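# Structural overview for review
Each chain is listed here by its residues.
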Amino acid sequence: MFCYQCQETTNNQNCYLRGVCGKSGVTASLQDMLVFALKGFSVCAVKAREVGESDADTELFVAQALFATLSNVNFDDGRIVELIVEALDRRDQARGRFFDLYEAQHGEAFTGVLPEAATWYYVDGTQEEFEKKGETVGIDADPTLDADLRSLRELIIYGLKGLAAYTEHAAMLDNHRQDLLVFLQEALAFTTRTDFTVAELVGKALECGKYGVDVMAALDETLTTRYGHPEPTQVALGVVDGPGILISGHDLRDLEDLLEQTMGTGINIYTHGEMLPAHAYPFFKKYPHLVGNYGNAWWLQQKEFPGFNGPILMTTNCLQKPLPSYADRIFTTGMVGWADIPHIPERPQGGRKDFSAVIARAHDCATPEALESGSIMVGFAHKAILDRADAVVSAVQSGAIKRFVVMAGCDGRQKERQYYTDIAAGLPEDNVILTAGCAKYRYNKLDLGDIGGIPRVLDAGQCNDSYSLVAVALKLAEVFGVESVNDLPISYDIAWYEQKAVLVLLALLHLNVKQIRLGPTLPAFLTPNVISLLVETFELKPISTVEMDLELIAAGK
C-alpha cells in the first residue's frame, strides 16, 4: 500500500504495510480502486452532462462513495467492493447515454479518447480482481508524473473527499446542492489528466476551497433552519442511572431519529466526540433523555468505550477497530463500516432510520461507568457570538481582549498534539480562543476563565462549523473597518488530521487568509516545492515550539 492522506501517516511519509488508522493493505488497494472507478464515472457523467443528460441520484452517489474512502470511515472490504461494482455500472450507464446522445446530436459516433478509468471493466468482479487492479492505480501509479504535479493533484483529491463528506452531511438533511455535486464530478474528472500545469492545479485547489465555503455555509443554513441557532449551553459530563446509548460522529439527523425512537423507553442518550455540539441546538433541548456527553476525542474510543456498557452508534466517521470488550454492542450507519459489525440501513424516503436493534441492545446494559464529572460550555456559533458583538467590540476597543486565536481542526493520538494544550494554557489572559472540530478536546476542559463574561474558549461546534469562525472574522472586519481579516488581531493555529480538515484549509486559502500555522506536521503529500509555493503565496507555516509560537502569536506574526 501507499497512503499519505492523513496527518498520522508513518514517519510523516507514507503508510506502506498497514495504515496507522488500522486499514490493511487490501483495504487501501480497494479504496484506491474505488477512487479510480469514481474518477472514470465522473469523466462519463461530465461528458453526458455536456450533451444534456443529468442524473441527480447518480451525482449524489459519487459524494457518498468518495466519503467512504476518508480516513477512519469504512474498513469493510465487502461494502467497498459493492461500491466499486456500483460505480462501474453507473459509469457505464452514463457513458452509454453520452455515446447515444452524442451520435444523435452530431450524426456520427464519438471518436474521442477517454482515460482508462472511464473504460476499464472487470472480468469476474471478485475482491481479488479489484484489489489487484487497485494496486496499479494508486497515488504512485504513474512514476513519470512530476512529483510537484502529483502533490497538487492529491491536495485536490483530498479536498474533494472533504467536500464529498460535507455534501453528504447536507444531503442527509434534504439539502441537495446540485452545483456542489457537479463540481465534485468535474474536479474528479480533471484529476485524470496528465497534461495539467501547476497554475491549473493551484486554481482547481482554490476552486475546491470556494466550494468548501459554499458547502459549509449550506450545511450551516440547513442545520439552523431545522434545529435553530446554537445557544451557549452547559453540557453535563457525568452519567445518570439507567441504560444508555452513546452516539458519535456528525450526523444530527441520526441523533434526531434516535431520540424520537427512545422517548419514554427509560434509555438515556449520550453524545460523543463531534456530536457534543448537538446539545446547543434548541431543537434537541426538548428531549430530557439527552443527558450529556461521554468521553473525549475519537482517538480515545478504545480506552473509553469499554466502560460505557451500553451500545455505541457511529454515524459518520472517526471509527477505530472495535475491541472485543465492546465489539458486540457497537453499530455503524451511513458510510461508516467495519466487517462483521451490524450496520443500520439508510432511512426510507420521508421516514426515519430504524434503530430498534440498537435500542433492544441497550435494555440489557448497565449504567455507564463515569469518566468525569462537571459540565462544559458549548454553543458559540456565529449567531451566538455576533449577538454579543457589542460586548466583544467593546472588549477589543478597551484592550480587555488583545487577540483572538483560531485553534480549530482535528485531534489525533500523536503526543506532539500536547502542543495545542500547552499553547491554550500559555496564551495571555487577554486572548480568546475560537475553536471548532475535535481539536478542542485538547484544551476545552482547561479552566481558562472569561473576559468580562466572554468565555476564553468559544466553541463554534463541529469541524464543518469552521464556517462560523469565518463569518465572525468577516463581521469583525466590517465592524472595525479593515479591508481584510488579515488586518484583524486574529492568529490561526490549526490542527489537522484528515481530509475534511484539508477542505477547511483550502477554504481559508480561498478566502486569502494569511499566516496560518498548521500542525502537528505539514501534510506528507505536499512536496518541498509545493510547500514553498504555499508559503510564498499565503505565508503558510508549520508550528514551532510552544514558547516560540506564543511569542510570535503575541506579536501578531
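Residues numbered from 1 in each chain as written. Predicted model: local features only at pLDDT ≥ 70, side-chain atom pairs only at ≥ 80, totals over all residues. Heavy atoms only, no water.

## Looking at unusual backbone geometry
With an omega dihedral of 5 degrees, the bond running from Gly519 to Pro520 counts as a cis peptide bond. Along the chain, Pro520 turns up in the loop between β15 (516-519) and α16 (528-538). Within the chain, Asn72 stands out as a residue other than glycine whose phi angle is a positive 60 degrees. Structurally, the position occupied by Asn72 is in the loop between α2 (56-67) and α3 (77-106). By relative accessible area, Asn72 is classed as buried at 2%. In this structure, Glu539 is a non-glycine residue whose phi angle is positive, near 60 degrees. Turning to its location among the elements, Glu539 is positioned in the loop between α16 and β16 (541-542). For Glu539, a relative accessible area of 34% gives the class partly exposed. (Helix = DSSP H or I, 4+ residues; strand = E, 2+ residues; numbered from the N terminus. Buried < 20%, exposed > 50% of the residue type's maximum accessible area, 1.4 Å probe, protein only.)

## Topic: the nonpolar core
Soluble globular proteins: nonpolar side chains tend toward being buried together. If you look at the biggest cluster of nonpolar residues, it comprises 180 residues, and the most contacted ones within it are Leu160, Leu255 and Phe284. Those residues in contact with Leu160 that lie beyond four places of it in its chain are Leu66, Phe183, Leu184, Ala187, Leu188 and Cys208. One finds Ile423, Ala424, Leu427 and Ile543 within the second-largest nonpolar core, a separate group that totals 17 residues. (Core = buried A, V, L, I, M, F, W, Y, C linked by side-chain atoms within 4.5 Å. Contact = heavy atoms within 4.5 Å.)

## Considering the side chain of Asn317
Its place among the elements puts Asn317 in the loop between β5 (312-314) and β6 (330-333). The buried category is assigned to Asn317, whose relative accessible area is 1%. One polar contact links Asn317 to Thr316, side chain to side chain, over a distance of 3.2 Å. In this structure Asn317 touches Phe67, Ser71, Asn72, Val73, Gly249, His250, Val336, Glu498 and Lys500, once residues within four positions along its chain are discounted. (Polar contact = N/O pair within 3.5 Å; in protein donor to acceptor, adjacent residues only side chain to side chain.)

## Remarks on the sheet that holds strand β9 (residues 403-406)
Reading across the sheet, the six strands line up as β13-β10-β9-β14-β15-β16 and stay open at both edges, with parallel pairing between neighbours. Looking at the sheet topology across the chains shown, the edges are occupied by β13 (457-459) and β16. Here three bridges tie β9 to strand β14 (residues 490-495), and the two strands are oriented parallel to one another. Bridge pairing in β14 links Val405 to Ser491. (Pairing = 2+ DSSP bridges.)

## A closer look at the sheet that holds strand β2 (residues 244-248)
As summarised here, the arrangement of the six strands in space is β4-β3-β2-β5-β6-β7, forming an open sheet in which the pairing is parallel. Among the strands making up the open sheet, the edge pair consists of β4 (290-293) and β7 (343-344). Across the sheet, helix α8 (residues 252-262) lies against β2, β3 (268-271), β4, β5 and β6, angled at about 170 degrees from β2, the strand it touches most. (Axes fitted to C-alpha atoms, helices over the stretch in contact; angles between N-to-C directions.)

## Some details on the side chain of Ser468
With respect to the element layout, Ser468 can be found in helix α14 (residues 466-480). Sequence-distant contacts of Ser468, defined by excluding residues within four places in its chain, comprise Asp220, Ala381, His382 and Ala460.

## So, the pattern of salt bridges
Following the criterion strictly, the structure yields 29 salt bridges and no others. For Glu200, the salt bridge is made with Arg193, and the minimal N-O distance between the two is 3.2 Å. Note on Glu200: relative accessible area 33%, which makes it partly exposed. Across the pair Asp254 and Arg347 runs a salt bridge whose closest N-O atoms are separated by 2.9 Å. Placement of Asp254 in helix α8 and of Arg347 in the loop between β7 and α10 (356-362) is noted, with a sequence separation of 93 residues between them. Of the residues examined, Arg347 reaches a relative accessible area of 13% and is grouped as buried. One continuous salt-bridge network, built from bridges that share partners, spans Arg226, Asp254, Glu256, Asp257, Arg347, Arg352 and Lys353. (Salt bridge = Lys/Arg side-chain N within 4 Å of Asp/Glu carboxyl O.)

## What to know about helix α5 (residues 147-171)
In this model, α5 (25 residues) spans 36 Å end to end at C-alpha, consistent with the 36 Å of a helix rising 1.5 Å per residue. Of all 25 residues making up α5, 24 are buried, and the element is well covered by its neighbours. The backbone nitrogen of Asp148 lies 3.0 Å from a side-chain oxygen of the residue at the head of α5, namely Asp146. (Expected span 1.5 Å × (residues − 1).)

## Concerning the packing of helix α1 (residues 25-50) against helix α4 (residues 127-134)
Running from amino to carboxyl end, α1 crosses α4 at an angle of 80 degrees, the nearest separation of the two axes being 7 Å. In this view, α1 runs roughly perpendicular relative to α4, as classed from their interaxial angle. Counting all contacts with α1, which are made through Val26, Ser29, Leu30, Asp32, Met33 and Phe36, the residues of α4 involved are Gln127, Phe130, Glu131, Lys133 and Gly134. (Parallel < 35°, antiparallel > 145°, perpendicular 65-115°, else oblique.)

## Regarding helix α6 (residues 178-190)
Because the α-helix completes a turn every 3.6 residues, residues three or four places apart line up on one side. For α6, which comprises 13 residues, the first-to-last C-alpha distance of 18 Å matches the rise-based estimate of 18 Å (1.5 Å per residue) to within 8%. Of all 13 residues in α6, 10 are buried; the element is thus mostly enclosed. When we look at burial in α6, the residues that qualify are Leu180, Leu181, Val182, Phe183, Leu184, Gln185, Ala187, Leu188, Ala189 and Phe190.

## Comments concerning the environment of Ser54
Tracing the sequence through the fold places Ser54 in the loop between α1 and α2. Residues Ser54 and Ala94, 40 residues apart in the sequence, show an inter-C-alpha distance of 8.9 Å. The residues contacting Ser54, other than those within four sequence positions of it, are Arg49, Glu59 and Gln178.

## Some thoughts on the packing of aromatic side chains
Both the distance between ring centres and the angle between the ring planes are used here to describe each pair of aromatic rings. What the rule picks out here adds up to 27 aromatic pairs. An angle of 40 degrees between the planes, with centres 6.2 Å apart, marks the rings of Phe41 and Phe61 as tilted. Residue Phe41 is located in helix α1, and its partner Phe61 is located in helix α2; the two are separated by 20 residues in the primary sequence. The exposure classification of Phe41 matches that of Phe61, with both residues buried. Here Phe98 and Phe110 contribute two aromatic rings whose centre-to-centre distance is 4.9 Å and whose plane-to-plane angle is 70 degrees, an arrangement assigned as edge-to-face. Of this pair, Phe98 sits in helix α3 while Phe110 sits in the loop between α3 and α4, and the two are 12 residues apart along the sequence. By the ring-pair criterion, three or more aromatic residues cluster together here, those being Phe2, Tyr4, Tyr158, Trp496 and Phe525. Arg90 extends its terminal NZ or CZ atom over the ring of Phe61, reaching a point 4.8 Å from the ring centre. A cation sits over an aromatic face here: Lys210 above Tyr211, 4.4 Å from the ring centre. (Phe/Tyr/Trp six-rings, centres within 6.5 Å; stacked < 30°, edge-to-face > 60°. Lys NZ or Arg CZ within 6 Å of the ring centre and 35° of its normal.)

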